[in-house]
Amino acid sequence: MKRRLKSKEKNNLLSSAVIYTIGLVLVRGLGFISAPIFTNLLTPADYGITSTFATWTLLMQTVFSLYTQGSLVAALKDYKGKEYEKYVSCILNLSGVCFVIFGALFLGNLGWISRLLGYTRFIAVLLVVSAYVSFVFNFYQVKLIYEGKDLQYIISSFLVSLSSILVSYVLIRILPKESAVDGRLVGGVIPLLVITVGYLLIQYRRGWCFYSKKYWKYAVELSIPMIFTTLANVFLSQIARLMLQHLVGEHEAGIYSFAYTLGEIPSFIRLGIFNAWLPWYFRMISREENISNIVNMAKTLSRLFCIIILGFIFVSPEVYRILSPESYWEGIPILMYIAAGMYFYFITCFYSARFQYDKKNQWISYITIISAAVNVLLNYLLIPSFGFMGAAV
């Protein structure tokens with residue numbers, strides 16, 4: 001009987017991984033299908049702006065929200081039923097209050113901040129809105145993953161991605177050519193705004209709690225370390241785009257951004273595997289199952305992903321040429337470096353899952369911050385001489 005249960009758990013993990021992966025391929029695949037459309041509608045400089053906008057959105061949503069979703073893993077273990085839903089509503093309100101405070105400070109200094117970022121005032125204001133709706137949507141997605149609701153996760157992701165592409169395309173066609181980048185950015189925010197309103201209404205009906213000292217303290221203690229972890233991960237994965245923009249120009253940033261977008265194809269599978277792995281792992285470890293079962297599964301998944309990375313390195317140059325005009329082709333050589341980085345990041349996820357379960361989030365921060373510091377230093381030294389190739393290395 002025990003062996004049968006373990007086999008069932010293993011099959012559930014693999015089936016969930018397949019569902020997540022197929023779903024993410026469909027969702028993210030929309031981005032690649034639309035890539036030729038937007039690379040022809042937007043100049044490399046405009047494409048660079050949309051990329052750096054996404055980076056600043058991620059940075060702002062992480063800091064302004066206090067990254068309260070970082071406490072959801074532990075909360076699932078410590079709170080049950082109605083109390084868990086009240087906790088979720090309460091920390092959403094905590095993040096909302098922080099967004100109001102930080103957002104007011106940002107808008108109060110809009111002039112010099114927009115000049116610093118190199119954006120128009122309109123794009124700078126849109127950045128605040130984008131950060132909040134992106135936070136709520138990401139919070140909702142993380143909650144679905146930890147609760148093992150794979151189909152809901154995939155459906156919501158697909159609808160947001162598809163509607164973002166459609167709305168952006170319509171706006172770009174309607175607006176004057178010089179405002180094409182505004183249409184792309186607004187088109188990405190509108191679907192997130194709609195789903196944010198809907199999710200908040202549903203969550204508050206499930207369990208309302210505006211303020212609780214216990215809940216806010218619990219969330220802050222677990223989430224603050226994850227802010228530094230997430231910021232460090234942004235530096236590791238995206239700071240090169242910002243440094244390219246400021247050190248060598250929008251053109252190089254645009255080339256690198258498109259290559260990085262294609263280079264992230266293996267991350268669909270990585271996310272699919274780990275979205276299934278996390279709830280499975282938390283169930284197994286909470287039952288004190290045989291650790292060798294967990295280790296063996298981790299080895300199997302690691303070898304599988306290694307094979308996927310090698311296959312990607314061989315076929316990606318041709319895919320790159322198909323999806324982009326010739327003006328972007330100089331970015332092909334960096335695909336190999338990006339793919340290798342994806343594999344190393346895959347390996348770290350096994351360890352970070354255990355740290356989160358044990359409420360030792362600070363250790364994830366220490367390790368990631370050191371890596372990010374090395375990354376920024378190397379970018380600063382290599383980008384001025386080698387451009388986007390230096391950023392990839």
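Scoring rules and cut-offs
- Within each chain, residues carry numbers counting from 1 in the order of the written sequence.
- Thresholds applied to this predicted model are a pLDDT of at least 70 for local features of residues and 80 or more for the giving and counting of side-chain atom pairs; totals over whole chains, interfaces and linings are not thresholded and use all residues.
- Water and hydrogen atoms play no part in the side-chain values, which are based on all heavy atoms of the structure.
- For the purposes of this entry, the term helix denotes a DSSP run of H or I that reaches at least four residues, the term strand denotes a run of E that reaches at least two, and both are numbered from the N terminus.
- Working definition: with a 1.4 Å probe on protein chains only, accessible area under 20% of the residue-type maximum means buried, over 50% means exposed, and in between means partly exposed.
- Whether two residues are in contact is decided by their heavy atoms, any of which lying within 4.5 Å being enough.
- The method behind every accessible area is Shrake-Rupley, applied with a 1.4 Å probe, and residues are considered shielded solely by the protein chains displayed.
- A helix is expected to span 1.5 Å multiplied by its residue count minus one.
- By convention in these notes, a salt bridge is any Lys or Arg side-chain nitrogen within 4 Å of a carboxyl oxygen on Asp or Glu.
- For each structure, a 1 Å grid was placed over the protein atoms alone; sets of points admitting a 1.4 Å probe that cannot get out are labelled cavities, open sets with protein on both sides within 12 Å along at least five of seven lines are labelled pockets, and lining residues have an atom within 4 Å of a point.
- Grid points are joined across faces, edges and corners, and a volume is the space filled by probe spheres set on the points.
- Amino acids outside the nonpolar list (Ala, Val, Leu, Ile, Met, Phe, Trp, Tyr, Cys, Pro) and the charged list (Asp, Glu, Lys, Arg) are all regarded as polar, and Gly is one of them.
- Among buried residues, those of type Ala, Val, Leu, Ile, Met, Phe, Trp, Tyr and Cys that are joined through side-chain atoms within 4.5 Å constitute a nonpolar core.
- Think of it this way: a Phe, Tyr or Trp ring, Trp meaning its six-membered ring, pairs with another when their centres are within 6.5 Å, and the plane angle makes it stacked under 30 degrees, edge-to-face over 60, tilted otherwise.
- Each patch is built from residues lacking any salt bridge and having more than 30% relative accessible area; the joining distance is 9 Å for like charges and 5 Å for nonpolar side chains (Val, Leu, Ile, Met, Phe, Trp, Tyr).

Colleague: Which parts of the structure should I look at to understand the overall build of the protein chain?
Modeller: Along the protein chain, the regular secondary structure elements total 16 helices and zero strands. Relative to its 393 residues, the protein chain shows a buried fraction of 52%. Sequence separation of 24 or more characterises 82% of the internal contacts of the protein chain that already satisfy a separation of 6 or more. About 18500 Å² of surface is accessible on the protein chain, with carbon and sulfur atoms providing 68% of the total.

Colleague: Teacher, can you tell me more about helix H12 (residues 265–286) here?
Modeller: Every α-helix carries 3.6 residues per turn, so stepping three or four residues along brings you back to the same face. Taking 1.5 Å as the rise per residue, H12 with 22 residues should run 32 Å; its terminal C-alpha atoms sit 33 Å apart, in good agreement. Burial analysis of H12 places 18 of its 22 residues in the buried class, the great majority of the element.

Colleague: So what exactly am I meant to see when it comes to the pattern of salt bridges here?
Modeller: Pairing between side chains of opposite charge can happen when the charged atoms of each approach one another. With the rule as written, the count across this model stands at five salt bridges. For the salt bridge of Lys214 with Glu83, the shortest nitrogen-to-oxygen distance reads 3.3 Å. Of this pair, Lys214 sits in helix H9 (residues 213–237) while Glu83 sits in helix H4 (residues 81–108); the two residues are 131 residues apart in sequence, bridging distant segments of the chain. Assessed through its relative accessible area of 31%, Glu83 is described here as partly exposed. The partner of Lys149 in a salt bridge is Glu147, and the shortest N-O contact between them spans 3.1 Å. Residue classification places Lys149 among the partly exposed residues on the basis of a relative accessible area of 30%. On the accessibility criterion, Glu147 (23% relative accessible area) is partly exposed. One network of salt bridges, with partners in common, ties together Glu85, Lys143, Glu147 and Lys149.

Colleague: What am I meant to see in helix H6 (residues 121–146) here?
Modeller: Between its first and last C-alpha atoms H6 spans 38 Å; for 26 residues at 1.5 Å apiece the expected length is 38 Å, and the two agree. The positive-phi residue at the C-terminal boundary of H6 is Gly148, with phi of around 75°.

Colleague: Which parts of the structure should I look at to understand the layout of surface pockets?
Modeller: The probe, sized like a water molecule, is rolled over the atoms to show the empty space still left. The calculated volume of the second largest pocket comes to roughly 280 Å³. Around the second largest pocket sit 14 residues that line it, and Trp56, Leu59, Met60, Phe64 and Phe106 are the ones nearest its centre. Taken together, the elements giving at least two residues each to the lining of the second largest pocket come down to helix H2 (44–64), helix H5 (110–117) and H9. At five residues, the largest contribution of residues to the lining of the second largest pocket is made by H2. Residues that form the lining of the second largest pocket fall into these classes: 13 nonpolar, one polar and no charged.

Colleague: Before we go on, may I ask you to explain empty space enclosed by the protein in this structure?
Modeller: Enumeration over the complete set of coordinates arrives at one cavity of 30 Å³ or more. For the largest cavity, the calculated volume is near 30 Å³. Considering the residues around the largest cavity, the lining is formed by Gly70, Val73, Ala74, Leu222, Gln356, Lys359 and Asn361.

Colleague: Would you take a moment to explain the nonpolar core for this structure?
Modeller: In summary, soluble globular proteins display a tendency toward joint burial of nonpolar side chains. Grouped together as the largest cluster of nonpolar side chains are 109 residues, with contacts concentrated most on Tyr256, Trp277 and Tyr320. Ignoring anything within four residues of it in the chain, the contact list for Tyr256 reads Ala240, Arg241, Leu244, Ile334, Phe388, Ala391 and Ala392. By size, the runner-up hydrophobic cluster in this structure holds five residues, among which are Phe38, Leu42, Ile172 and Ala180.

Colleague: Would you explain the packing of aromatic side chains in this entry?
Modeller: The relative placement of two aromatic rings is captured by the distance of their centres and the angle of their planes. Enumeration over the complete set of coordinates arrives at 21 aromatic pairs. Taken together, the aromatic side chains of Phe64, Phe99, Phe102, Tyr132, Phe135 and Phe139 make up a single cluster linked through ring pairs.

Colleague: Looking at this model, I keep getting lost on the side chain of Gln69. Mind explaining?
Modeller: Note that Gln69 resides in the loop between H2 and helix H3 (72–78). Not counting residues within four places of it along the chain, the set of residues in contact with Gln69 comprises Phe135, Asn138, Phe139, Val142 and Tyr146.

Colleague: Teacher, can you tell me more about a nonpolar patch on the surface here?
Modeller: A cluster of nonpolar side chains, namely Leu247, Val248, Ile370, Val374, Leu377, Leu378, Tyr380 and Leu381, defines an oily patch on the protein surface of about 760 Å² accessible area. Take the nonpolar patch: its biggest share by element is six residues, from helix H15 (residues 361–386). With respect to the element layout, Leu381 can be found in helix H15.

Colleague: For this particular structure, what's the right way to read the environment of Asp358?
Modeller: Summarising the element assignment, Asp358 is placed in the loop between helix H14 (335–357) and H15. Relative accessible area serves as the criterion here: at 30%, Asp358 is assigned to the partly exposed category. The spatial distance from the C-alpha of Asp358 to the C-alpha of Ala74 is 8.2 Å, given a sequence separation of 284 residues.

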